Amino acid sequence: MSFLFGQREQRSAWPQEPPPIPPNSAQGSGYSRVDLSRMEASLQKVAVWSCVNLTATIAETMPLAYFPRPREAAPMPAWLEDLGGDGHGLPDWLYQAVFSTMLRGNLYGIVGDRDRSRGAPTQIALQHPDMVGVTLDTEGHPDWRVAGQTVVRDDMWHRRVYPTPGRLQGLSPIALQATTIATGISALQFGASWFQDGAHPSGILSSEQALDARQAMTAKERFMAAVHGRREPAVLGNGWKYQSIQISPNESQFLETNNYTAAECCRIFGPGYAEIYGYETGGSLTYSNIEQRSLDLLTYAVDPWLVRFERFLSGLLPPGQHVKFNRSALVRTDLLTRYRAHAIALQNRFAVVNEVRDLEDKGPVPWGAEPFDGKAPKIAIDDN
């Protein structure tokens, strides 16, 4: 039941849609002028966007299996395939959920429907975390408000990461690391200003003669008229000299600051992100670490987030049922390595031929449902 319109409505109503990135032009100078009060503002830093978008995309595209019983996969329940109830499906819901939790440490939703027998939510419309507020009543129970409107307590679905004792809501990484992110955004703004406007003259036109202000202005205008929009050489008369001023952005520590803050922003979200993107790794890229990149991405960066969302979704299911991401879809190998793994599984009766064919997107064969017996020919594995 909608708390805004008195009927079932899954989209939250914003009083007035603000710009996704707040303007910074009228707020002082330096990193203090960077306003991170809106969740999307932090995405101006490429490293922040890259980490969050990478994790959200993996959660959105990775196959998700439903297990009504241990190790027995089954088709996904219809309500779980469109948990948001908006027709965009579970992958879209997961993408939004990752953004909310990684940037704000909390996931908020309004329950639109429930299972009649268990009372568990079967439809959850996610809410923008910046529009959600909560206070505790005298008994310590939460009173929720979304977009300034009160929400029935039982209709609010809340999950958190980064929990701390005595706090209902999880910690916000963006709020905790605002100085680091704002410094990185300020460095980008400085770089843009440097290359667009420049805080220094591009050159000096000098003369051995004494010039008053009017003569100096006339000389400048004539010189600019001669060279503006052209690539021809300038010809100067006796006593005139032109000196171009070249200042490297490195001297302003722009590049160093940008790279440092990029690595720090990646580390906000967990170990592994900075190394995956190549920030301050200190090593060269070789074939051996390219081959391990997918595994490192899963192990050190993305897997904790996948586990969290497996737990969130499994909590909506009856006891004993769960969902699980198929992580092997991310850790892809070359053809020879994959076939060697299949051969080992078949020889040691870990799998049957039809299971292997299914992994390779091939149809079953009549003789592929039984494991190899002792008379089956061995599949040679050549390590050379």
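A brief look at the structure comes next. (Residues numbered from 1 in each chain as written. Predicted model: local features only at pLDDT ≥ 70, side-chain atom pairs only at ≥ 80, totals over all residues. Heavy atoms only, no water.)

### Some words on the overall build of the chain
Summing up its helical and strand segments, the chain has 12 helices and 11 strands in all. The buried share among the 384 residues of the chain stands at 35%. Put simply, 64% of the contacts in the chain that link residues at least 6 apart link residues at least 24 apart. Surface exposure of the chain reaches about 23400 Å², of which carbon and sulfur atoms provide 53%. (Helix = DSSP H or I, 4+ residues; strand = E, 2+ residues; numbered from the N terminus. Buried < 20%, exposed > 50% of the residue type's maximum accessible area, 1.4 Å probe, protein only. Contact = heavy atoms within 4.5 Å. Areas by Shrake-Rupley, 256 points an atom, 1.4 Å probe, with all protein chains shown as cover.)

### Quick look at the packing of aromatic side chains
Enumeration according to the criterion identifies 6 aromatic pairs in this entry. Centroid distance Tyr108 to Trp144: 5.8 Å. Interplanar angle 65°. Geometry classified as edge-to-face. Residue Tyr108 is found in strand S3 (residues 106-114), and its partner Trp144 is found in strand S6 (residues 142-146); the two are separated by 36 residues along the sequence. In this structure Tyr108 comes out as buried when scored by relative accessible area, which is 3%. Ring pairs connect the aromatic residues Trp49, Tyr95 and Phe99, which therefore count as one cluster. Across the ring face of Tyr162, the terminal group of Arg308 is positioned such that the distance to the ring centre comes to 5.9 Å. Above the face of the Trp305 ring, Arg308 is positioned so that its terminal group lies 4.5 Å from the ring centre. (Phe/Tyr/Trp six-rings, centres within 6.5 Å; stacked < 30°, edge-to-face > 60°. Lys NZ or Arg CZ within 6 Å of the ring centre and 35° of its normal.)

### Section: the pattern of salt bridges
Oppositely charged side chains can pair when the atoms bearing their charge come close. On inspection of all chains with the given rule, the structure shows 10 salt bridges. Taking the shortest distance from any N to any O, the salt bridge between Asp130 and Arg38 comes out at 3.8 Å. Here the residue Asp130 occupies a position in the loop between strand S4 (121-126) and strand S5 (132-136), and Arg38 occupies one in the segment before helix H1 (46-61), the gap between them amounting to 92 residues. Judged by its relative accessible area of 14%, Arg38 is buried. For Arg327, the salt bridge goes to Glu310, with nearest N and O atoms at 2.8 Å. Linking Arg327 in the loop between strand S11 (322-325) and helix H11 (335-347) with Glu310 in helix H10 (residues 293-314), this pair joins segments that are 17 residues apart in sequence. A relative accessible area of 9% places Glu310 in the buried class. Salt bridges linked by common partners bring Arg38, Glu40, Arg104 and Asp130 together as one network. (Salt bridge = Lys/Arg side-chain N within 4 Å of Asp/Glu carboxyl O.)

### Let's talk about the sheet that holds S11
Read across the open sheet, the 3 strands follow the order S2-S1-S11; overall the sheet is antiparallel. Since the sheet does not close on itself, it has two edges, and those belong to strand S2 (72-74) and S11, each with one partner. Strand-to-strand twist of the sheet, defined as the mean angle between neighbouring strand axes without regard to direction, takes the value 45°. Packed on one face of the sheet, H10 meets strand S1 (64-69) and S11 and runs near 155° to S11. (Pairing = 2+ DSSP bridges. Axes fitted to C-alpha atoms, helices over the stretch in contact; angles between N-to-C directions.)

### Things to note about the environment of Gly119
Mapping Gly119 onto the fold places it in the loop between S3 and S4. You can call Gly119 partly exposed: its relative accessible area is 32%.

### Digging into the nonpolar core
Formed by 53 residues in total, the largest nonpolar core has its most connected members in Trp93, Leu103, Phe269, Tyr273, Phe309 and Leu313. With 9 residues, the single largest contributor to this core is H10. In this view, Phe309 contacts Leu94, Ala97, Val98, Thr101, Leu107 and Phe325; residues no more than four positions away in its chain are not counted. Val132, Val146, Ala147 and Met156 belong to the second-largest nonpolar core, a separate cluster that totals 8 residues. (Core = buried A, V, L, I, M, F, W, Y, C linked by side-chain atoms within 4.5 Å.)

### A word on the sheet that holds S3
Pairing within the open sheet is antiparallel, and its 3 strands lie in the order S4-S3-S8. Strand pairing shows two members of the sheet lacking a second neighbour, S4 and strand S8 (156-160), which therefore form its edges. The mean inter-strand angle of the sheet, taken between neighbouring strand axes irrespective of direction, is 40°. The strands touched by helix H3 (residues 89-104) are S3, S4 and S8; relative to S3, the strand with the most contacts, the crossing angle is about 145°.

### Details of the environment of Ala219
Tracing the backbone through its elements, the reader meets Ala219 in helix H6 (residues 213-227). For Ala219, a relative accessible area of 15% corresponds to the buried category. The spatial distance from the C-alpha of Ala219 to the C-alpha of Ser207 is 9.7 Å, given a sequence separation of 12 residues.

### Side note on unusual backbone geometry
Here Arg71, not a glycine, exhibits a phi torsion of approximately 60°, which is positive. Take Arg71: it is sitting in the loop between S1 and S2. The exposed category is assigned to Arg71, whose relative accessible area is 77%. Look at Tyr162: it is not a glycine, yet its phi comes out positive at around 55°.

### Some remarks on the pairing of S1
The pairing of S1 with S11 spans 4 bridges and is classified as antiparallel. Considered in S11, the bridge of Ala65 is made with Lys324. Hairpin remark: S1 followed by S2, antiparallel, with 2 residues in the connecting loop; positive phi at Arg71, about 60°.

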